[in-house]
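# Per-entry structural report
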Amino acid sequence: MKTENFNQLIQLVTGRDLRVNTTDQELRFETEYFVARKLPITGKNVSFKWKTPKSDDKILRSFVTAFTSKYKE
């Protein structure tokens, strides 16, 4: 999946301006990425690690699981 398309998808799903921190054009399988956002008032970065699954079919499910268990504002 293209990284920019996935960034747009996770922003729609979560309602937050999260971005996958990578220079890769395509997300690679079984790779750890940092997902981050900059808080508007304090300017601090909030991030968490996310490991991509083995297949494209499970990529959104994997992200939502990591988001709900690891993300703290």
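Check the entry above for the structure.
Definitions and limits used
- Residues numbered from 1 in each chain as written.
- Predicted model: local features only at pLDDT ≥ 70, side-chain atom pairs only at ≥ 80, totals over all residues.
- Heavy atoms only, no water.
- Axes fitted to C-alpha atoms, helices over the stretch in contact; angles between N-to-C directions.
- Helix = DSSP H or I, 4+ residues; strand = E, 2+ residues; numbered from the N terminus.
- Parallel < 35°, antiparallel > 145°, perpendicular 65-115°, else oblique.
- Left-handed = near helix turned anticlockwise from the far one by under 90°.
- Contact = heavy atoms within 4.5 Å.
- Nonpolar A, V, L, I, M, F, W, Y, C, P; charged D, E, K, R; others polar.
- Buried < 20%, exposed > 50% of the residue type's maximum accessible area, 1.4 Å probe, protein only.
- Expected span 1.5 Å × (residues − 1).
- Arc of directions from axis to C-beta.
- Patch = residues over 30% accessible without salt bridge, like charges linked within 9 Å, V, L, I, M, F, W, Y side chains within 5 Å.
- Areas by Shrake-Rupley, 256 points an atom, 1.4 Å probe, with all protein chains shown as cover.
- Salt bridge = Lys/Arg side-chain N within 4 Å of Asp/Glu carboxyl O.
- Pairing = 2+ DSSP bridges.

Running from amino to carboxyl end, helix 1 (residues 3-14) crosses helix 2 (residues 59-70) at an angle of 50 degrees, the nearest separation of the two axes being 12 Å. Between helix 1 and helix 2, the interaxial angle falls into the category oblique. Handedness of the crossing formed by helix 1 with helix 2: right-handed. Residue-level contacts link Phe-6, Leu-9, Ile-10, Val-13 and Thr-14 of helix 1 to Ile-59, Leu-60, Phe-63, Val-64 and Phe-67 of helix 2. Residue composition of the contact of helix 1 with helix 2, grouped by class: 9 nonpolar, 1 polar and no charged.

We note that Glu-30 has phi near 55 degrees; this positive angle belongs to a residue other than glycine. Structurally, the position occupied by Glu-30 is in the loop between strand 1 (19-21) and strand 2 (32-38). When its relative accessible area of 44% is taken as the criterion, Glu-30 is described as partly exposed.

Right, let's get into helix 1. Along an α-helix, a turn takes 3.6 residues, which lines up residues three or four apart on a common side. Compared with the 16 Å implied by 1.5 Å per residue over 12 residues, the 16 Å span of helix 1 between its first and last C-alpha is a close match. Burial in helix 1 covers these residues: Thr-3, Phe-6, Asn-7, Ile-10 and Thr-14. Looking straight down helix 1, one finds that the buried residues subtend no more than 105 degrees of arc, so they occupy a single side. Contacts made by the buried residues of helix 1 are with strand 1, strand 2, strand 3 (45-51) and helix 2. One or two positions beyond helix 1, positive phi appears at Gly-15, with a value near 75 degrees.

All right, on to a nonpolar patch on the surface then. The grouping of Val-13, Leu-60 and Val-64 at the surface amounts to a nonpolar patch, some 190 Å² of accessible area in total. Within the secondary structure, Val-13 is located in helix 1.

We now examine the pairing of strand 3. Going residue by residue along strand 3, you find Val-46, Phe-48 and Trp-50 tucked away on one face and Asn-45, Ser-47, Lys-49 and Lys-51 left uncovered on the opposite face. For strand 2 and strand 3, the ladder comprises 7 bridges, and the chain directions are antiparallel. What sits directly across from Ala-36, in strand 3, is Ser-47. In sequence, strand 2 turns back onto strand 3 through a hairpin of 6 residues, with Gly-43 there showing a positive phi of about 80 degrees.

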